Amino acid sequence: MSRGDFWSRRQAAVAAEAEAEQRAVVAAQSAAREAELAEQSDDEILASLDLPAPESLKDGDDFKIFLTDQIPARIKTRALRHLWRANPVLACVDGLVDYGEDFTDAACVIEGMQTAYQVGKGMTKHVQALAQEAEAERLAAETQPQPDPQASPTQETVSPCDAPSVAYSTPGQGDQRADDLAEAQADLAEAQANLVEAQADLDEDTAQLGEPPIPAAPRRMRFSFAEAQA
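Residues numbered from 1 in each chain as written. Predicted model: local features only at pLDDT ≥ 70, side-chain atom pairs only at ≥ 80, totals over all residues. Heavy atoms only, no water.

Some remarks on the overall build of the protein
In step 1: Helix and strand counts for the protein come out as seven helices and zero strands.
In step 2: The N-to-C order of helical and strand elements in the protein reads α-α-α-α-α-α-α.
In step 3: Out of the 230 residues in the protein, the part that is buried amounts to 6%.
In step 4: Sequence separation of 24 or more characterises 42% of the internal contacts of the protein that already satisfy a separation of 6 or more. (Helix = DSSP H or I, 4+ residues; strand = E, 2+ residues; numbered from the N terminus. Buried < 20%, exposed > 50% of the residue type's maximum accessible area, 1.4 Å probe, protein only. Contact = heavy atoms within 4.5 Å.)

Following this line, the structure appears as structure tokens:
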């Protein structure tokens, strides 16, 4: 790092420290002023500063006189609240405000209404109750006696609820099933006829083309030593 970079960084740090000290002094003075004005009422403060009440201003008046450092925060809030209502641009609600409705309407409150929601915990009790019910059902299922697999079939009693149910068909249901069966058989017969016809066409094409020629066996080389012996 060069010497120029070092001094520039050092000067920036000194300036930042001076600015932070200035902000701290201003904050301390503001806190002390707020503490002094906390004992006085709003009317006394406005009278000492020769200012009118914020609610007396109308649209077009200068509200900046209430935003200086000499004005406490509570009077600034009053002025800004009145400005929001006095200005027609700010006071015009277009109906798209999420929290613009009055949720404190007594007509919408049910007497004796309770909820399982808890601030900071959510639906903890409700979830715990469901978990306890599930655990109780599991324990009941485990403690229930299981049937003996080695018991003979004659020892088992069949209750009327366990008896196999018999399906009874309506008067028109049997005719419909018979028609469906006949239609399925007709489709099967047609498919078999088409298969026979296709096999016949294949045999006819094979007869016209003739049998494929049988490839000749590869010739083998033979060696004779008669001339060599002569």
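Having seen the model, we can carry on.
Remarks on a nonpolar patch on the surface
In step 1: Nonpolar side chains collect at one region of the surface, where Tyr117, Val119, Met123 and Val127 lie side by side and expose about 440 Å² of accessible area between them.
In step 2: Topologically, Met123 is positioned in the loop between helix H4 (88–91) and helix H5 (124–143).
In step 3: Take Met123: its relative accessible area is 38%, and that puts it in the partly exposed class. (Patch = residues over 30% accessible without salt bridge, like charges linked within 9 Å, V, L, I, M, F, W, Y side chains within 5 Å. Areas by Shrake-Rupley, 256 points an atom, 1.4 Å probe, with all protein chains shown as cover. Salt bridge = Lys/Arg side-chain N within 4 Å of Asp/Glu carboxyl O.)

Topic: the pattern of salt bridges
In step 1: In total, this model carries six salt bridges according to the counting rule given.
In step 2: Across the pair Arg78 and Glu55 runs a salt bridge, and its minimum N-O distance is 2.8 Å. You can see Arg78 sitting in helix H3 (residues 73–86) and its partner Glu55 sitting in the loop between helix H2 (42–48) and H3, a full 23 residues away along the chain.
In step 3: Taking relative accessible area as the criterion, Glu55 reaches 42% and is therefore assigned partly exposed.
In step 4: For the salt bridge of Arg138 with Glu135, the shortest nitrogen-to-oxygen distance reads 2.3 Å.

Considerations on the confidence of the model for the protein
In step 1: For the protein, the average pLDDT comes to 76, and 72% of its residues sit at 70 or higher.
In step 2: Confidence scores differ between elements of the protein, with helix H7 (residues 226–229) showing the lowest mean pLDDT of 52 and H3 the highest of 89. (pLDDT = per-residue confidence, 0-100.)

Considerations on H3
In step 1: Over its 14 residues, H3 extends 20 Å from the first C-alpha to the last, a length consistent with the 20 Å expected when each residue adds 1.5 Å.
In step 2: Taken residue by residue, H3 has Ile75, Ala79 and His82 as its buried positions. The arc that holds the buried residues of H3, viewed along the axis, is 70°, so those residues lie on one side. The outward face of H3, more than 90 degrees from its buried face, is lined by the exposed residues Trp84 and Arg85.
In step 3: Looking at the buried side of H3, the elements it contacts are H2. (Expected span 1.5 Å × (residues − 1). Arc of directions from axis to C-beta.)

Details of the nonpolar core
In step 1: Counting nine residues, the largest nonpolar core is built from Leu37, Ile45, Leu46, Leu57, Phe63, Phe66, Ile71, Ile75 and Ala79.
In step 2: Going through the elements one at a time, H2 and H3 are the ones with two or more residues in this core.
In step 3: For Ile71, the contacting residues outside a window of four places in its chain are Glu34, Leu49, Leu51, Ile65, Phe66 and Lys76. (Core = buried A, V, L, I, M, F, W, Y, C linked by side-chain atoms within 4.5 Å.)

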